[in-house]
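# Observations on the three-dimensional arrangement
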Amino acid sequence: PKFRENLDRMLRGLRGREVVFCPNHGNGGDSLIAVATYQAFRRAGLKYRVVRFDDHDEDLRRKTLIYAGGGNFVKQYAHGERFLRRYYKELDQLIILPHTFQGKEALLADLGDNATLIARERGSLAHLAEHAPRANRKLMHDLAFLLDLDELRRNPWGLPRLEIPRRVDFERMKKDREARAATTFPEGDVIRVFRTDGEKTGRPIPPDNVDLPHVFRAGVTPEFLARRVALNFLNALDRYRVIETNR
């Protein structure tokens, strides 16, 4: 699709720079977004290193920071905003991949023309036009729609990029297995996947609800962990013909 071409072109333009990537930690949906992003980096031949949003002592002076897509820059959450406030003044360039933007007016107003903010809805784009007048603003689909599922299934570990698992990674994989084992999946061909957290809608939650993105939330980094979580999440959905949701 055209927006894939636009994303790949933007990422190829970053080759040769010192690029740092901060994944957006959240639920299983964020794992899908993370995998699609890692795939895009690989297509573009982009070299990068990963930092966490709770890192406090990174040296990001004169570097390009790519912050993952998602829904972190809304009123309910603060960790993405706190991370940017620590570092944005020393960056050479800031790119926030397709995101929902609500609130955060003071931060947005501080961002200059070295920031590229990509909205994933027209409402978010309008919010940026009002509150981030100096930043570059774009509209693009959620990166989950760019997920190359065939590639994920062929290469569930993300090789040949070598990542040595840490103890915490094994603990997260164990937690993912335990969460799946503790979840009662409905019989039949219909599953109700209603959001139950602070972003849920006013629709009643059905008694047989399974908040799958909450079940599959083991992580977005390193890449192999995000891939395993995303694949398990999608395999669970593949069992059903009808998915009902408040998303």
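As shown above, the structure is provided for reference.
Now for a description of the structure that goes with this document. (Residues numbered from 1 in each chain as written. Predicted model: local features only at pLDDT ≥ 70, side-chain atom pairs only at ≥ 80, totals over all residues. Heavy atoms only, no water.)

## Quick word on the nonpolar core
Keep this limit in mind: To form a nonpolar core, buried Ala, Val, Leu, Ile, Met, Phe, Trp, Tyr and Cys residues must be joined to one another through side-chain atoms within 4.5 Å. Between buried and exposed lies partly exposed: a residue is buried under 20% and exposed over 50% of the maximum accessible area for its type, with that area taken using a 1.4 Å probe on protein chains only. Helix numbers and strand numbers start at the N terminus; a helix is a DSSP run of H or I with at least 4 residues, a strand a run of E with at least 2. Note on contacts: a residue pair qualifies if any of its non-hydrogen atoms lie within 4.5 Å across the two residues.
Membership of the largest hydrophobic core comes to 48 residues, with the highest contact counts inside it found for Leu-7, Leu-11, Ile-66 and Leu-212. Of all elements in the fold, only α1 (2-12), β1 (19-22), α2 (28-44), β5 (93-101), β8 (190-193), α8 (212-215) and α9 (223-237) reach the threshold of two or more residues within this core. Element by element, the count of residues in this core is highest for α9, at 10 residues. Beyond its immediate stretch of four places on either side in the chain, Leu-11 contacts Ala-40, Phe-41, Ala-44, Leu-46 and Ile-66. Listed in part, the 25 residues of the second largest apolar core include Cys-22, Phe-53, Ile-96 and Phe-101.

## A closer look at the layout of surface pockets
What counts here: Only protein atoms enter the 1 Å grid, on which a cavity is a set of points fitting a 1.4 Å probe that cannot get out and a pocket is an open set with protein on both sides within 12 Å along at least 5 of 7 lines, lining residues being those with an atom within 4 Å of a point. Grid points are joined across faces, edges and corners, and a volume is the space filled by probe spheres set on the points. In the scheme used here, Gly and all other residues not listed as nonpolar or charged are polar, with Ala, Val, Leu, Ile, Met, Phe, Trp, Tyr, Cys and Pro taken as nonpolar and Asp, Glu, Lys and Arg as charged.
Within this model, the largest pocket holds a volume of roughly 910 Å³. Lining the largest pocket are 35 residues; nearest its centre among them are Asn-27, Gly-29, Arg-195, Pro-213 and Arg-247. Among the secondary structure elements, those contributing two or more residues to the lining of the largest pocket are α2, β4 (70-73), α8, α9 and β9 (242-245). Sort the elements by how many residues they give to the lining of the largest pocket and α2 lands first, with four residues. Considering only residue class, the lining of the largest pocket consists of 11 nonpolar, 14 polar and 10 charged.

## Observations regarding the packing of α2 against α9
Which entries qualify depends on this criterion: Angles run from 0 to 180 degrees between N-to-C directions of axes, and those axes are lines fitted to C-alpha atoms, restricted for helices to the stretch in contact. Any angle from 65 to 115 degrees is called roughly perpendicular, while one under 35 is roughly parallel, one over 145 is roughly antiparallel, and all others are oblique. Crossing handedness is defined as follows: a turn of the near helix away from the far one that is anticlockwise and smaller than a right angle gives a left-handed crossing, while the clockwise case is right-handed.
Two numbers describe how α2 lies on α9: the axes approach to 8 Å, and their chain directions differ by 125°. Of the possible angle classes, the one that applies to α2 and α9 is oblique. Regarding α2 and α9, the two cross each other, and that crossing is left-handed. Taking contact as the criterion, the partners of Gly-28, Gly-29, Ser-31, Leu-32, Ala-34, Val-35, Tyr-38, Gln-39 and Arg-42 in α2 are, on α9, Glu-223, Ala-226, Arg-227, Val-229, Ala-230, Phe-233 and Leu-234. Its residues assigned to classes, the contact of α2 with α9 comprises nine nonpolar, four polar and three charged.

## Some thoughts on the pattern of salt bridges
This is how the line gets drawn: Salt bridges, as used here, are contacts in which a Lys or Arg side-chain nitrogen is within 4 Å of a carboxyl oxygen on Asp or Glu.
Inspection of the entire model under this criterion finds 19 salt bridges. Across the pair Glu-18 and Lys-63 runs a salt bridge, and its minimum N-O distance is 3.8 Å. Pair noted here: Glu-18 is in the loop between α1 and β1 and Lys-63 is in the loop between β2 (49-50) and β3 (64-67), with a separation of 45 residues, a long-range link. By relative accessible area, Glu-18 is classed as exposed at 53%. Exposure remark for Lys-63: the relative accessible area of 11% places this residue in the buried category. One network of salt bridges, in which partners are shared, links Arg-42, Glu-151, Glu-223 and Arg-227.

## Structural notes on the pairing of β5
We count it as follows: The pairing criterion is simple: DSSP has to find at least two bridges between the two strands. When the strands point away from the viewer, a crossover counts as right-handed if the path from the first strand over the helix to the second runs clockwise.
The element β5 is extensively covered by neighbouring structure, given that nine of its nine residues are classed as buried. The pairing of β3 with β5 spans four bridges and is parallel. The residue of β5 that forms the bridge with Ile-66 is Ile-95. In this sheet, β5 lies alongside β4 in parallel orientation, the contact comprising two bridges. The residue bridging Phe-73 from the neighbouring strand is Phe-101, located in β5. Remark: the β4/helix α3 (residues 79-87)/β5 crossover connection has right-handed handedness.

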